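Next come the chains, spelled out residue by residue.
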Amino acid sequence: MFKYIFPESVWLNGMVFTPGTPMSIGIYLLCLVAVMAAAYVCGSVNSAIIFSKLLYKEDIRTKGSGNAGMTNMMRNYGIGPAAMTLIGDMLKTMVGMIIGTLLLGVNGAYIAGLFCVLGHVIPVFYNFKGGKGVAATVMIVLYLDLVAFLLVIAVFALVVWATKYLSLGSVMLALTSPLILYRNDPVVHDRPIRLFITFIIAGIVVFLHRANIKRVMNGTESKFKFKKTAKTAQVSEEPKLVSAEETEESSVKEEEITEEVLKRKEINRKKSAKKKK
């Protein structure tokens, strides 16, 4: 989609690197390192962790599946926070890819997308424990090609509609993205390299969903339901403290009840004995 925003020369090679010029290799390497570093830092800004701490004073990684992503936010806090997480994760990926495009063109955008996913998965700011990279992958496809984005979203929606498994929809989205992007890529040079990068991204997403895939195969994976999330704040009652006097009174009452029951049983036994005589 963003190829229509940048001038063709920028989309192909960026604003800094010009192939065939003196020192082009050195400039390319510097730009490459800058793209990887900037994209990784952008990806490390985890929206789920930020919003869960700001809104609920909790770390989403301690809730539900422990994953710092949109799905876990939706299951624990509802659609609103999940939407905020999705938008935040897509925006950070977009920023990283814009930097990649400005420095190295479309190849830089692909590289930046990969490192945004890596930052999301192993964020430097959050002890290297993040999400599964689905939202970042969605933004990568949207950034590169609008038609490809619509196709992979259709695949995702169809799979989720048919199976009710969000995780399976995410896996299929990741697996179909490389081929659809490759098919729609108008830039001929370096297409195999870009295809290889997208396969790495897909592999990361699928690998991080391996436990979900096992649960889908076993029939134990949670299914998605279109309903409002119940109140997430759990308030636990404090145990009631009982004094010694209250305990003694309770014991006395229990003894009195027991004696009364025994007396009634004795009366009933005597009545039945008289009837037999």
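Residues numbered from 1 in each chain as written. Predicted model: local features only at pLDDT ≥ 70, side-chain atom pairs only at ≥ 80, totals over all residues. Heavy atoms only, no water.

A. Quick peek at empty space enclosed by the protein. Under the criterion given, the structure shown has 2 cavities of 30 Å³ or more. Roughly 70 Å³ of volume is contained in the largest cavity. Lining the largest cavity, in full, are Lys 3, Trp 11, Val 106, Tyr 110, Leu 144, Asp 145, Leu 181, Asn 184, Asp 185, Pro 186 and Val 187. Elements with a contribution of two residues or more to the lining of the largest cavity: helix 5 (79–121) and helix 8 (166–184). Across the lining of the largest cavity, the residue classes break down as 7 nonpolar, 1 polar and 3 charged. Size it by volume and the second largest cavity reaches roughly 60 Å³. (1 Å grid on protein atoms, 1.4 Å probe; cavity = no way out; pocket = protein on both sides within 12 Å on 5 of 7 lines; lining within 4 Å. Points joined across faces, edges and corners; volume = space filled by probe spheres on them. Helix = DSSP H or I, 4+ residues; strand = E, 2+ residues; numbered from the N terminus. Nonpolar A, V, L, I, M, F, W, Y, C, P; charged D, E, K, R; others polar.)

B. Seen up close, a nonpolar patch on the surface. A surface patch of nonpolar side chains, about 510 Å² in accessible area, is lined by Val 41, Val 45, Ile 122, Val 124, Phe 125 and Phe 128. As for its position among the elements, Ile 122 is in the loop between helix 5 and helix 6 (134–144). The class for Ile 122 is partly exposed, based on a relative accessible area of 38%. (Patch = residues over 30% accessible without salt bridge, like charges linked within 9 Å, V, L, I, M, F, W, Y side chains within 5 Å. Areas by Shrake-Rupley, 256 points an atom, 1.4 Å probe, with all protein chains shown as cover. Salt bridge = Lys/Arg side-chain N within 4 Å of Asp/Glu carboxyl O. Buried < 20%, exposed > 50% of the residue type's maximum accessible area, 1.4 Å probe, protein only.)

C. Local environment of helix 2 (residues 24–43). A rise of 1.5 Å per residue sets the reference length of helix 2, with its 20 residues, at 28 Å; its end C-alpha atoms lie 28 Å apart and thus fit the reference within 8%. In this fold, the buried residues of helix 2 make contact with helix 5. (Expected span 1.5 Å × (residues − 1). Contact = heavy atoms within 4.5 Å.)

D. Focus on the environment of Leu 104. With respect to the secondary-structure elements, Leu 104 resides in helix 5. Leu 104 sits 92 residues away from Leu 12 along the chain, and the two C-alpha atoms are 7.8 Å apart.

E. Expanded view of the confidence of the model for the chain. Here the chain averages 84 in pLDDT, while 81% of its residues score no lower than 70. Contacts from residues 228–244, a stretch scored under 50 in pLDDT, to residues over four places away or in other chains number 8 contacts. (pLDDT = per-residue confidence, 0-100.)

F. Looking closely at the layout of surface pockets. Size it by volume and the largest pocket reaches roughly 750 Å³. Along the wall of the largest pocket there are 37 residues; nearest its centre are Met 70, Thr 71, Phe 156, Leu 166 and Ser 170. Where the lining of the largest pocket is concerned, the elements lending two or more residues are helix 4 (70–77), helix 5, helix 6, helix 7 (146–163), helix 8 and helix 10 (210–218). Broken down by element, the residue count for the lining of the largest pocket peaks at 7 residues, all from helix 5. Grouping the constituent residues of the lining of the largest pocket by class yields 19 nonpolar, 13 polar and 5 charged.

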